[in-house]
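Per-entry structural report
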Amino acid sequence: MRRTLALLGTGLTAVALVLTACDDGFEQGPAGQVVAKDRDQECRKATTGSRKKTRDCHWEYELTTRDRDGQEHEFEVPSGVYDSCRRGSAYPSCINR
């Protein structure tokens, strides 16, 4: 039973990572070597139907790459790409590891 649950958990995690990495809300950044990574928590005030004020927070993930000409490019990526691409790795091939 434990083995079945472990396999199920692993499978669901893999599916979640694939779906996150394929998020259509982000354009692929320019190819190059990853030279920096940054993540920030963004919050905004939201009003619900009962006029109760709440905070809506989410994380934003950014990579900075350096191309062959030495130009640096900063762009937003999904969390799965952020986790897969380490400093010094080649982008976008680091996504498919």
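Here is a short report on the structure shown in this document. (Residues numbered from 1 in each chain as written. Predicted model: local features only at pLDDT ≥ 70, side-chain atom pairs only at ≥ 80, totals over all residues. Heavy atoms only, no water.)

Notes on the pattern of salt bridges
Heads up, the condition is: Within this document, salt bridges are pairs made up of a side-chain nitrogen of Lys or Arg and a carboxyl oxygen of Asp or Glu, the two lying within 4 Å of each other. Each helix is a run of DSSP H or I of at least 4 residues and each strand a run of E of at least 2, with the numbering of both proceeding from the N terminus. Under the scheme applied here, a residue whose accessible area is under 20% of the maximum for its type counts as buried, over 50% as exposed, and between as partly exposed, the area being computed with a 1.4 Å probe on protein chains only.
Following the criterion strictly, the structure yields 2 salt bridges and no others. The salt bridge involving Asp56 is made with Arg44; its shortest N-O contact spans 3.3 Å. Of this pair, Asp56 sits in strand 2 (residues 53-66) while Arg44 is found in strand 1 (residues 32-47), placing the two residues 12 residues apart along the sequence. Arg44 gets classed as exposed once you look at its relative accessible area, which sits at 52%. As a salt-bridge pair, Arg66 and Glu72 come within 2.6 Å of each other at their nearest N and O atoms.

Here we look at the pairing of strand 2
Rules: By this definition, two strands are paired if DSSP reports at least two bridges between them.
In this sheet, strand 2 lies alongside strand 1 in antiparallel orientation, the contact comprising 14 bridges. In the strand pairing of strand 2, Ala46 is matched with Thr54. Summarising the sheet, strand 2 and strand 3 (residues 72-77) pair through 6 bridges and their orientation is antiparallel. Directly across from Arg66, in strand 3, lies its bridge partner Glu72. Hairpin geometry of strand 2 and strand 3 is characterised by an intervening segment of 5 residues between the two adjacent antiparallel strands and by a positive phi of about 90° at Gly70.

Re the sheet that holds strand 1
Reading across from one edge, 3-2-1-4 is the order of the 4 strands in this open sheet, with antiparallel pairing throughout. Among the strands making up the open sheet, the edge pair consists of strand 3 and strand 4 (90-91).

Considering the state of the cysteines
Disulfide: a covalent bond connecting the sulfur atoms of a pair of cysteines. Note the cut-off: Two cysteine sulfur atoms form a disulfide, by the criterion used here, when they sit within 2.5 Å.
A full pass over the atoms with the stated rule returns 2 disulfides. Here Cys43 engages in a disulfide with Cys57; their sulfurs sit 2.1 Å apart. Given an S-S torsion of about 115°, the disulfide between Cys43 and Cys57 has right-handed geometry. In this pair, Cys43 sits in strand 1 while Cys57 sits in strand 2, placing the two residues 14 residues apart along the sequence. Between the sulfur atoms of Cys85 and its disulfide mate Cys94 the distance is 1.9 Å. Of note, the bridge from Cys85 to Cys94 carries an S-S torsion of about 85° and is right-handed in sense.

By themselves these figures say nothing about function.
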